[in-house]
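Summary of structural features
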Amino acid sequence: MSIDVRLFALIRERIGAELLTLTLRPGTTIRDLRQRIAGEHPAVNDILARCAFAIGGVVASDSDVIPNGVEVAVLPPVSGGES
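Everything in this summary refers to the structure shown in the same document.

1. Some words on the pattern of salt bridges
Two side chains that carry opposite charge are able to pair once their charged atoms sit near each other. Counting across every chain of the model gives six salt bridges. Close ionic contact of glutamate 18 with arginine 6 constitutes a salt bridge, the shortest N to O distance being 3.1 Å. Taken together, the residues span a long stretch of sequence, with glutamate 18 in the loop between helix H1 (9–15) and strand S2 (19–23) and arginine 6 in strand S1 (residues 2–7) at a distance of twelve residues. For glutamate 18, a relative accessible area of 45% translates into the label partly exposed. Classification of arginine 6 by relative accessible area gives partly exposed; the value is 22%. Linking glutamate 71 and arginine 6 is a salt bridge whose minimum nitrogen-to-oxygen distance equals 3.0 Å. Here glutamate 71 is found in strand S5 (residues 71–75), whereas its partner arginine 6 is found in strand S1, with 65 residues between them in sequence. Accessibility expressed as a relative area gives 34% for glutamate 71, which makes it partly exposed. Three or more residues are tied together by salt bridges with common partners; here these are Arg6, Glu18 and Glu71.

2. Looking at unusual backbone geometry
Residues apart from glycine generally show negative phi values, whereas peptide bonds are mostly found in trans. Unlike most non-glycine residues, alanine 9 shows phi in positive territory, near 50°. Tracing the chain through its elements places alanine 9 in helix H1. Taking relative accessible area as the criterion, alanine 9 reaches 35% and is therefore assigned partly exposed.

3. A look at the side chain of threonine 29
Mapping threonine 29 onto the fold places it in the loop between S2 and helix H2 (30–40). Apart from residues lying up to four places away in sequence, threonine 29 is in contact with Asp62, Ser63, Asp64, Val65 and Ile66.

4. Observations concerning the pairing of S5
Note: S1 against S5, four bridges, orientation parallel. Looking at the pairing, arginine 6 lines up with alanine 73 of S5. Direction of pairing for strand S3 (residues 52–55) relative to S5: antiparallel, over a ladder of four bridges. Note that in S5 the partner of phenylalanine 53 across the bridge is valine 74.

The rules we used
Residues numbered from 1 in each chain as written. Predicted model: local features only at pLDDT ≥ 70, side-chain atom pairs only at ≥ 80, totals over all residues. Heavy atoms only, no water. Salt bridge = Lys/Arg side-chain N within 4 Å of Asp/Glu carboxyl O. Helix = DSSP H or I, 4+ residues; strand = E, 2+ residues; numbered from the N terminus. Buried < 20%, exposed > 50% of the residue type's maximum accessible area, 1.4 Å probe, protein only. Contact = heavy atoms within 4.5 Å. Pairing = 2+ DSSP bridges.

Here's what the structure looks like:
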């Protein structure tokens, strides 16, 4: 199955792409995808664990299965705000 992974901010800069098109096996979870990206792009390992992932615009948990043909977004950690 094929999916698009949209990248933002520092992850996009470090990988050098805005979009990754990946072929995954059926039943792949967000956790599996996170591990694959980390394995293929070690330059993002330090922030990837803190990123959220969204499937089709909805924030997903690590155990969520990724359906065929969707776009998955890697959302950078948010910082700032008032103390």
